[in-house]
Amino acid sequence: MQDFLDRSRPIFGEEGLSILGKKTIAFAGLGGVGGGAFLALVRCGVGCFRLAENGIFDPPDMNRQAAAFGSTMGRAKLDVYVDLARSINPDICIDTHPEGLQPDNIDHFFSGADAYVGVIDAEKGQEVKNMTPALLAKYGIPAFTCGVIGFGALMVNYAPNGMTGNEFWRLAQKDDTDTLIPSILRKHFSQTVLARMKQGMANGIQASTAIGGLASNVLLANEVLAFLLAGVGLVDREPVFAPRYVAVDFLTLQMTVADITK
């Protein structure tokens, strides 16, 4: 009997699918990065999710977000993604937090999770972002993050007892005052695109492309899988955690795995 995992089974194997089916991933943010990565992990057979998202679809989302269509405008992103996930896998386990990630629910949100995907907009949720590192260390949970950069993506992940986000970005920024992306990271992306993104920012627009969104979805979901499936013979490398990071730009056809300390 065929199911939605029929074409995945030869690659993941029964052992891999069994492992994924028992894992719980906590997702904060179902926007241009989180939404597509979430659906990719659903389609790969991850069995349980905790989802924190309080946003509503609006027209600018349609340039890159996986579930943004005319038919979903004005709907809660959380409701749309839950419906899509259950239409793929009716047996999926989903714990929803329509209020978003908040100081009074963050401890429960992380407790018992196997991985955390934190893709809240840069300008939002600073209080919970400040609380996150200590709780991830408390529960031994790695954090996975990624951002859209033009036609590509920048991914920085954090092991529970490794380099923190504050430490990584302190090294990246140093005395750099650029508000778009630190100079040490700019070299990995199209300079023309970065200049146009900076002009868009000056006009109050956070510029992005569908290709950058897809790049972020794929990069993020793939690294979560690399972590969850360690030891089953599929992945022959360690997951990438800070101080290492990954930058990919499909316009320039460049992909880099680098160390921010070097």
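Residues numbered from 1 in each chain as written. Predicted model: local features only at pLDDT ≥ 70, side-chain atom pairs only at ≥ 80, totals over all residues. Heavy atoms only, no water.

Colleague: Mind laying out the packing of aromatic side chains, listing which residues take part and the relevant values?
Modeller: Summed over the entire model, instances satisfying the criterion amount to 13 aromatic pairs. For the ring pair F57 and Y81, a centre distance of 6.1 Å and an interplane angle of 45° mean the geometry is tilted. Of this pair, F57 sits in the loop between β2 (48-52) and α3 (77-88) while Y81 is found in helix α3, placing the two residues 24 residues apart along the sequence. Its relative accessible area of 2% is what places F57 among the buried residues. (Phe/Tyr/Trp six-rings, centres within 6.5 Å; stacked < 30°, edge-to-face > 60°. Helix = DSSP H or I, 4+ residues; strand = E, 2+ residues; numbered from the N terminus. Buried < 20%, exposed > 50% of the residue type's maximum accessible area, 1.4 Å probe, protein only.)

Colleague: Describe in detail helix α6 (residues 165-173), supporting the description with residues and values.
Modeller: Considered for burial, the residues of α6 that qualify are G165, F168 and A172. Burial along α6 is one-sided: seen end-on, the buried residues are contained in an arc of 65°. Those residues of α6 that are exposed and aimed more than 90 degrees away from the buried face are N166 and R170. Against β6 (152-158), α7 (183-186) and β7 (244-249) lie the buried residues of α6. Directly beyond the C-terminal end of α6, a positive phi value near 45° is found at K174. (Arc of directions from axis to C-beta. Contact = heavy atoms within 4.5 Å.)

Colleague: Residues and numbers for the pairing of strand β3 (residues 93-97), please.
Modeller: Relative to β3, β2 runs parallel, the two being bridged by 5 bridges. Bridge assignment links A52 to a residue of β3, and that residue is H97. With α3 bridging β2 and its parallel neighbour β3, the resulting β-α-β unit is right-handed. (Pairing = 2+ DSSP bridges. Right-handed = clockwise from strand over helix to strand, strands pointing away.)

Colleague: Could you give an account of the packing of helix α2 (residues 34-43) against α3, naming the residues involved and the relevant values?
Modeller: Taken N-terminus to C-terminus, the directions of α2 and α3 make an angle of 20°; their axes are 10 Å apart at the nearest point. Of the possible angle classes, the one that applies to α2 and α3 is roughly parallel. As for how α2 packs across α3, the hand of that crossing is right-handed. Residues G35, G36, F38, L39, V42 and R43 of α2 form the contact with α3, whose own contacting residues are Y81, L84, A85 and I88. The residue inventory of the contact of α2 with α3, partitioned by class, reads 7 nonpolar, 2 polar and 1 charged. (Axes fitted to C-alpha atoms, helices over the stretch in contact; angles between N-to-C directions. Parallel < 35°, antiparallel > 145°, perpendicular 65-115°, else oblique. Left-handed = near helix turned anticlockwise from the far one by under 90°. Nonpolar A, V, L, I, M, F, W, Y, C, P; charged D, E, K, R; others polar.)

Colleague: A description of the nonpolar core should follow, citing residues and the corresponding values.
Modeller: Residues I25, F27, F38, L41, F49 and L51 are the most contacted members of the largest nonpolar core, which totals 48 residues. The biggest single contributor to this core is helix α9 (residues 210-228), with 7 residues. With near-sequence residues (within four places) excluded, I25 lies in contact with L41, V46, C48, F49, R50, A115, V117, V224 and L228. Counting residues in hydrophobic clusters, the runner-up holds 31 residues, among them L135, I149, A247 and I260. (Core = buried A, V, L, I, M, F, W, Y, C linked by side-chain atoms within 4.5 Å.)

Colleague: Break down the pattern of salt bridges for me, citing the residues and quoting the values.
Modeller: Evaluated as defined, the whole model comprises 6 salt bridges. The partner of R9 in a salt bridge is E14, with the nearest N and O atoms 3.0 Å apart. By relative accessible area, R9 is classed as partly exposed at 23%. Relative accessible area serves as the criterion here: at 52%, E14 is assigned to the exposed category. Note that R75 is salt-bridged to D83, the shortest N-O span being 3.1 Å. Assessed through its relative accessible area of 35%, R75 is described here as partly exposed. (Salt bridge = Lys/Arg side-chain N within 4 Å of Asp/Glu carboxyl O.)

Everything listed is a geometric property; what it means functionally is a separate question.
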